[in-house]
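# What the coordinates show
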Amino acid sequence: MTEEQRALRDGLREVLAARPDWRALEEIGYFGVRLPDPEGLGLGLPEAVLLTAEAGRALVDGPLIGSQLAPGEGPVTAVRLPEARVGGRAEALVPWLAKPGATEPGATAPVTAVPGAREPVTAVPGADGSVPGAGGAQLARAVLVLGPGGGARLLRDPDALPRVPRPSVDPAAGLSAVPVEALRGAGEPYPARTAEGGGPGLFAEAVLLTAAYQLGIAEWAVASAVEYARVREQFGRPIGAFQAVQHLCADLLVRAETARAAVYAAAVSGDPVEIAGAKLLADRAAVDNARGCLQVHGGMGFTWEGGVHRYLKRAWWLRRRFADPVGCAERLAASLT
Amino acid sequence: MRLADTPRQADFRAELRAWLAKTLPELPPAPDPADWPGRRAYDLGWQRRLFEAGYAGLNWPRDSGGRGLGPAEHLVFLEETELAGAPYVGACFVGLLHAGPTVAAEGTAGQRARWLPPILRGEEVWCQGFSEPDAGSDLASLRTRAVRDGDAYVVSGSKIWTSHAEVADWCELLVRTDPEAPRHRGISWLAMPMDAPGVTVRPLATLAGTTEFAELFLDEVRIPVGNRVGAENDGWRVTNVTLSFERGTAFASEAVACRRELRQLAALARENGCWEDDALRRRIGALAAEFGALWRLVQWNVSQAAAGEEGARSASAKGGGGRREGVPGPGGSVFKLRFSEARQELYELAADVLGDDSLLLGHPFTAARLQGLSYTIAAGTSQIQRNIVAQRILGLPKGG
């Protein structure tokens, strides 16, 4: 990691610690990371990965992945068009991001300019004036559909699609069912970034960025579990002094570090097999670490107010996005020739 | 993290690959694992070839007979030799990866000149006299005593789990020189000639049926004071100085070995039809992700160690007594924890691919499965490693 990358990461970590929301991401230039200067920061995929991991660490809500894939389009949610499977469902579960204002009746809409967006993005103010992502009030104004063959299409009017909202396990991440046929061929072709730069392609980038967010969750879980284990006392001493808890925490770190090595390396190499491996390990680290963190928190972990569950639910949610463990394992197995 | 070779590293890689392709077919057949003299000759012979070709001690300082190259070249060496199926360091392990670097870092000019060139030239084998019957994971409780008598220490006690003791010329020996001092403070590091009067080696059979290690009985063995590396009673720090750096690379070639073995397993599964088993194939795929990540973690640890080497040295100079306690560097503990478990999972997976053949002693994967049971025990058990990670990296309180 270069000094510049470290500074970028630490800067965002500091900002998000104070205010884990969209505006904070916007201020540091997250949405223009990969746009050329002066419109954006002129940085690459590795930097986008580092910053997305920070967003995961702070559990920032909203369509981050899509927005990194479509710089210049404002908040975009990306959806993977399911590949044809025998007996496969004829609908796609789209992490739906409602049009601003739709779920917050009476909200007035201030204008927030996202760097690199072609137009100002209208967003809903929260109680503190920030842009909320929670409670289903979400932000995307466009949907990027990633096809199985690597192509992509951009839908500027997602409302035109037929969709049925579905209750999502993650309170901040909505889901809608949309017939695959309606997604296929809809919108306009979106130029894939693969040809000129020799990069991994849009779809693999989505997988990698999702892994990066999961890495952030895994790293948060280590920090949160350890912090709690240091202060929470039982039997007259901190629970972190008990070997059983120490070993649980050590395993959290091992999973996070292994995932970190995989995600960073995949971000630099851009190799699709390495990206699949990174997603597999980051999914595992996020889910198992959030689970372990919840265990360390005990009764507080099972309490809604405690908030640990939000990380676990997001980790479950992202594990299903773009590349699931089965798909990743198959990709890796196929590479062993 | 830099992943691509620099032009210089790429040249080095190509040259090494060509040399391996030419040299490996010329090697004599590998010896029987039970034939210790044969294994000694084979392992030293390979080291001699490396030395003659300029591939010995790549990352050792020049004044120790090494090439003085950086960690990146060393990793290229480990990766290419392992991928090419070159012999493992074997009997040269302790000399090359532990005793040698310790002498290089802490020894006098005379000690470096005496002990280091024979290690690099493939002339002398070292073994490690650390563990004792009552001091395995709790190494600092060791009791083998050394009493000063003129210009020699008189050493009595016993060591156990001493790999390569049967064929070693030297033993890096940890002894207690001050029984009154706190546990970590009364220990000294000595180089003991294995042919000294009073040294008895009794081979121990492992659960694999091989004699990988031995018990060492020391009965009033006289060791010259000049064989002490570092100050008297400072042996614990001496040992730890190099351990943290070595831990990263000592396992590096094994991380590459895992990737190679997994490919072999995949080929085997394709041959015998197991590949059609979805669950099994996906387990193989998931392990591929692990081994890929572990190799990246090695690269990361080594590059971090290289970047922080100056800082670490000045910190230990300032601290005087060195690090508080314990053995390997914390980054190495993270790697070793996952590596040792993942490699055991690989052999369990291999057993599922082999079916009943996994019960036959002759199969390489069966031998590896047996041998692999040591991974979560040797060089600090997984439980000790978790303690180290929890207390020294995560800063959780000691106790319970």
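Coordinates for the structure precede this section.
Keep in mind that this is a model prediction, so the values were computed, not measured.

In terms of regular secondary structure, chain A is built from eleven helices and eleven strands. Taking all 337 residues of chain A together, 56% fall into the buried category. In chain A, 69% of the contacts between residues at least 6 apart in sequence involve partners at least 24 apart. Here chain A displays about 13800 Å² of accessible surface, and carbon together with sulfur accounts for 55% of that area.

Before going further, it helps to spend a moment on the sheet that holds strand β5 (residues 142-146) of chain A. Residues and elements named next belong to chain A. Read across the open sheet, the four strands follow the order β1-β5-β6-β9; overall the sheet is mixed. This sheet does not close on itself; its edge strands, each paired only once, are β1 (76-80) and β9 (188-190). Taken pair by pair, the neighbouring strands of this sheet meet at an average axis angle of 30 degrees, ignoring direction. Docked against the sheet, helix α7 (residues 202-231) engages β1, β5, β6 (152-155) and β9, running at close to 110 degrees with respect to β5.

Turning our eyes to something else, we now look at unusual backbone geometry. In this structure, phenylalanine 322 of chain A is a non-glycine residue whose phi angle is positive, near 70 degrees. Relative to the elements of secondary structure, phenylalanine 322 of chain A occurs in the loop between α10 (308-319) and α11 (325-335). We classify phenylalanine 322 of chain A as buried; its relative accessible area is 7%. Non-glycine residue alanine 379 of chain B carries a positive phi angle of around 55 degrees. Its location among the elements puts alanine 379 of chain B in the loop between α10 (364-372) and α11 (382-393). Of the residues examined, alanine 379 of chain B reaches a relative accessible area of 39% and is grouped as partly exposed.

The next point concerns the pattern of salt bridges. One pass over the structure, following the stated rule, counts 48 salt bridges over all chains. Between glutamate 274 of chain A and arginine 296 of chain B there is a salt bridge, with its nearest N and O atoms 2.5 Å apart. One end of the pair, glutamate 274 of chain A, is in helix α9 (residues 272-301); the other, arginine 296 of chain B, is in helix α8 (residues 278-319), on a second chain. A salt bridge links glutamate 290 of chain B to arginine 338 of chain B; its shortest N-O distance comes to 3.0 Å.

If you walk through the whole model with that rule in mind, you get 16 aromatic pairs over all chains. Measuring from centroid to centroid gives 3.5 Å for tryptophan 220 of chain A and tyrosine 311 of chain A, while their planes differ by 0 degrees, and the two rings are stacked. With tryptophan 220 of chain A in helix α7 and tyrosine 311 of chain A in helix α10, this residue pair connects regions lying 91 residues apart in the sequence. Here tryptophan 220 of chain A falls in the buried class, since its relative accessible area comes to 17%. Take tyrosine 311 of chain A: its relative accessible area is 9%, and that puts it in the buried class. Geometrically, the ring pair formed by phenylalanine 12 of chain B and tyrosine 55 of chain B is edge-to-face, given 6.1 Å between the ring centres and 65 degrees between the ring planes.

All names here are of chain B. Locating asparagine 301 in the fold gives a position in helix α8. On a C-alpha basis, the gap between asparagine 301 and glutamate 15 in space is 26 Å, while along the polypeptide they are 286 residues apart. Discounting residues that sit within four places of it in the chain, asparagine 301 has contacts with Gly331, Gly332 and Phe335.

Once that is clear, we can look at the interface of chain B and chain A. Facing 36 residues of chain B, the contacting portion of chain A comprises 41 residues. Around 3300 Å² of area is buried between chain B and chain A when both sides are counted, 64% of it from carbon and sulfur atoms. Applying the counting criterion to the chain B and chain A interface returns five salt bridges. When the shortest N-O distance is used, the salt bridge between glutamate 290 of chain B and arginine 284 of chain A registers 2.4 Å. Applying the counting rule to chain B against chain A returns 14 residue pairs in polar contact (both at pLDDT 80 or more).

Once that is clear, we can look at the packing of α7 of chain A against helix α8 (residues 243-269) of chain A. Residues and elements named next belong to chain A. Where α7 meets α8, the axes come as close as 9 Å, and the angle between the chain directions of the two elements is 155 degrees. Here α7 is positioned roughly antiparallel relative to α8, judged by the angle of their axes. The handedness of the crossing between α7 and α8 comes out as left-handed. Residue-level contacts link Leu208, Ala211, Ala212, Leu215, Ala218, Glu219, Ala221, Val222, Ala225, Val226 and Ala229 of α7 to Val245, Cys249, Leu252, Leu253, Ala256, Ala259, Arg260, Val263, Tyr264, Ala266 and Ala267 of α8. A breakdown of the residues in the contact of α7 with α8 according to their chemical character gives 20 nonpolar, no polar and two charged.

Next up on the list: the packing of α7 of chain A against α10 of chain A. Residue and element names in this part refer to chain A. One can describe the packing of α7 onto α10 by two numbers: an axis separation of 10 Å at closest approach and a directional angle of 155 degrees. Classified by the interaxial angle, the pair formed by α7 and α10 is roughly antiparallel. Crossing handedness for the pair α7 and α10: left-handed. Seen from α7, the contacting residues are Thr210, Tyr213, Gln214, Ile217 and Trp220; seen from α10, they are Val308, Tyr311, Arg314, Ala315, Leu318 and Arg319. Among the residues making up the contact of α7 with α10, the classes are represented as seven nonpolar, two polar and two charged.

Our focus in this paragraph is α9 of chain A. All names here are of chain A. Here α9 contains 30 residues, and its C-alpha end-to-end distance of 36 Å is more than 12% below the 44 Å for a straight helix at 1.5 Å per residue. Approximately 60 degrees is the largest bend angle found in α9, and it occurs at glutamine 295. Of all 30 residues making up α9, 22 are buried, and the element is well covered by its neighbours.

Consecutive side chains of a regular strand alternate in pointing toward one face of the sheet and then the other. Residues and elements named next belong to chain A. Two elements, β5 and β6, share four bridges in a ladder whose sense is antiparallel. Among the inter-strand pairings, leucine 146 is bridged to a residue of β6, identified as alanine 152. Following β5, the chain reverses through five residues before pairing antiparallel with β6; glycine 150 in that reversal takes a positive phi of roughly 105 degrees.

Another point: the side chain of arginine 314 of chain A. All names here are of chain A. Structurally, arginine 314 can be placed in helix α10. Since its relative accessible area comes to 5%, arginine 314 is described here as buried. Contact partners of arginine 314, with chain neighbours within four places excluded, come to Leu59, Val60, Asp61, Asp170, Ala172, Tyr213, Gln214 and Ile217.

Going through the model one piece at a time under the given rule, you end up with zero disulfides over all chains. Summary of cysteine pairing: cysteine 293 of chain A is not part of a disulfide, and the nearest cysteine sulfur, belonging to cysteine 249 of chain A, is at 8.6 Å. Left without a disulfide partner, cysteine 171 of chain B is nearest to the cysteine sulfur of cysteine 127 of chain B, which lies 3.8 Å away. Under the relative-accessibility criterion, cysteine 171 of chain B is labelled buried at 0%.

Residues and elements named next belong to chain A. Counted residue by residue, β1 has four buried out of five residues, so it is predominantly covered. Alignment of β1 against β5, held across five bridges, turns out to be parallel. Looking at the pairing, valine 79 lines up with valine 145 of β5.

Next up on the list: α10 of chain B. Residues of α10 of chain B that are buried: Phe365, Thr366, Ala368 and Gly372 of chain B. The buried side chains of α10 of chain B occupy one side of the element, clustering within an arc of 160 degrees when seen end-on.

Procedures and definitions
Every chain's residues receive numbers from 1 upward, in the order its sequence appears when written. Ligands are numbered from 1 and chains lettered from A, in the order in which they are written. It should be noted that, the model being predicted, local features are given only for residues of pLDDT at least 70 and side-chain atom pairs only at 80 or more, the latter also being counted only at that level, while totals for whole chains, interfaces and linings use all residues. The side-chain figures draw on all heavy atoms in the structure; neither hydrogens nor water molecules are used. For helices the rule is a DSSP run of H or I covering at least 4 residues; for strands it is a run of E covering at least 2, with both sets numbered from the N terminus onward. We call a residue buried when its accessible area falls under 20% of the maximum for its residue type, exposed when it is over 50%, and partly exposed in between, using a 1.4 Å probe and counting protein chains only. In this analysis, two residues are considered to be in contact whenever any of their non-hydrogen atoms come within 4.5 Å of each other. Calculation of accessible area relied on Shrake-Rupley with a 1.4 Å probe; when residues are assessed, cover is drawn exclusively from the protein chains displayed. Pairing between two strands requires that DSSP report at least two bridges joining them. Inter-axis angles, ranging from 0 to 180 degrees, are taken between N-to-C directions of lines fitted to C-alpha atoms, where helices are fitted over the stretch in contact. Here, a salt bridge means any side-chain nitrogen of Lys or Arg that lies within 4 Å of a carboxyl oxygen of Asp or Glu. Each pair of aromatic rings taken from Phe, Tyr and Trp, with Trp reduced to its six-membered ring, is defined by centres within 6.5 Å and is described as stacked if the planes are under 30 degrees apart, edge-to-face if over 60, and tilted in the remaining cases. For any pair of parts, buried area is found by adding up, for both, the accessible area (1.4 Å probe) each one loses once the two are put together. The definition of a polar contact used here is a pair of N or O atoms within 3.5 Å, where within protein one atom must be able to donate a hydrogen and the other to accept one, and adjacent residues in sequence count solely through side-chain atom pairs. Orientation labels follow simple angle bins: below 35 degrees gives roughly parallel, above 145 gives roughly antiparallel, 65 to 115 gives roughly perpendicular, and whatever is left gives oblique. Two helices that cross are described as forming a left-handed crossing if the nearer one is turned anticlockwise from the farther one by less than a right angle, and a right-handed crossing if clockwise. Asp, Glu, Lys and Arg are counted as charged, while Ala, Val, Leu, Ile, Met, Phe, Trp, Tyr, Cys and Pro are counted as nonpolar; the rest, among them Gly, fall into the polar class. By this rule, a helix spans an expected 1.5 Å times one less than how many residues it contains. Bending is quantified residue by residue as the angle between axes fitted to the seven-residue window ending at that residue and the seven-residue window starting at it. The disulfide criterion used throughout: a pair of cysteine sulfur atoms within 2.5 Å. Directions pointing from the helix axis toward each C-beta atom define the arc.

These figures come from the coordinates and say nothing about function on their own.
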